[in-house]
Amino acid sequence: MNKFDKMLERANLQFVSDMIQMGTPKLNLSVKNLEEREDEAARQLKERLEKILSGKELGRAIDTAMEYANDCCEIYFTVGLKAGAKLLFQLLNDSLKDT
């Protein structure tokens, strides 16, 4: 495999997302679709909370965590759109700069 094939392999949303968010590449890409990944994350959250809470406390904790996650999603969505627009602007700019 040549270097261009390897570069194109890394041109995927999970890799770019981790590079922008964490500054490091994602080592193991998930083969699951977005809905499966969301379902798994919600299941893991519920399992972890069930170990420390029960009854009404569990329900309130899940609701609170989901509200927090939704707020974070809105923020990351906005940042993602801004990052995409910035990259698009750089691609369409006719200068020879790439910064």
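Residues numbered from 1 in each chain as written. Predicted model: local features only at pLDDT ≥ 70, side-chain atom pairs only at ≥ 80, totals over all residues. Heavy atoms only, no water.

**A few points about a negative patch on the surface**
A surface patch of like charges, here negative, comprises Glu-35, Glu-36, Glu-38 and Asp-39. The topology assignment puts Glu-35 in helix H3 (residues 34–50). (Patch = residues over 30% accessible without salt bridge, like charges linked within 9 Å, V, L, I, M, F, W, Y side chains within 5 Å. Areas by Shrake-Rupley, 256 points an atom, 1.4 Å probe, with all protein chains shown as cover. Salt bridge = Lys/Arg side-chain N within 4 Å of Asp/Glu carboxyl O. Lys, Arg positive; Asp, Glu negative; His and termini not counted. Charge placed at Lys NZ, Arg CZ, Asp CG, Glu CD. Helix = DSSP H or I, 4+ residues; strand = E, 2+ residues; numbered from the N terminus.)

**Some remarks on the environment of Phe-15**
Summarising the element assignment, Phe-15 is placed in helix H2 (residues 13–22). Along the sequence, Phe-15 and Pro-25 sit ten residues apart, while their C-alpha atoms lie 5.6 Å from each other.

**Re the packing of H3 against helix H4 (residues 55–92)**
Running from N to C, H3 and H4 cross one another at 140°; their axes reach a closest spacing of 10 Å. Here H3 is positioned oblique relative to H4, judged by the angle of their axes. Considering only the axes of H3 and H4, their crossing is right-handed. The segment H3 lies against H4, with Leu-45, Lys-46, Leu-49 and Glu-50 engaging Leu-58, Ala-61, Ile-62, Ala-65 and Met-66. Across the contact of H3 with H4, the residue classes tally to seven nonpolar, no polar and two charged. (Axes fitted to C-alpha atoms, helices over the stretch in contact; angles between N-to-C directions. Parallel < 35°, antiparallel > 145°, perpendicular 65-115°, else oblique. Left-handed = near helix turned anticlockwise from the far one by under 90°. Contact = heavy atoms within 4.5 Å. Nonpolar A, V, L, I, M, F, W, Y, C, P; charged D, E, K, R; others polar.)

**Brief notes about the layout of surface pockets**
Considering only enclosed or pocket space, the largest pocket measures out at about 1400 Å³ in volume. Ser-17, Gln-21, Arg-37, Cys-73 and Tyr-76 are the residues nearest the centre of the largest pocket, which is lined by 29 residues in total. For the lining of the largest pocket, the secondary structure elements donating two or more residues are H2, H3 and H4. Partitioned by chemical class, the residues of the lining of the largest pocket number 18 nonpolar, seven polar and four charged. (1 Å grid on protein atoms, 1.4 Å probe; cavity = no way out; pocket = protein on both sides within 12 Å on 5 of 7 lines; lining within 4 Å. Points joined across faces, edges and corners; volume = space filled by probe spheres on them.)

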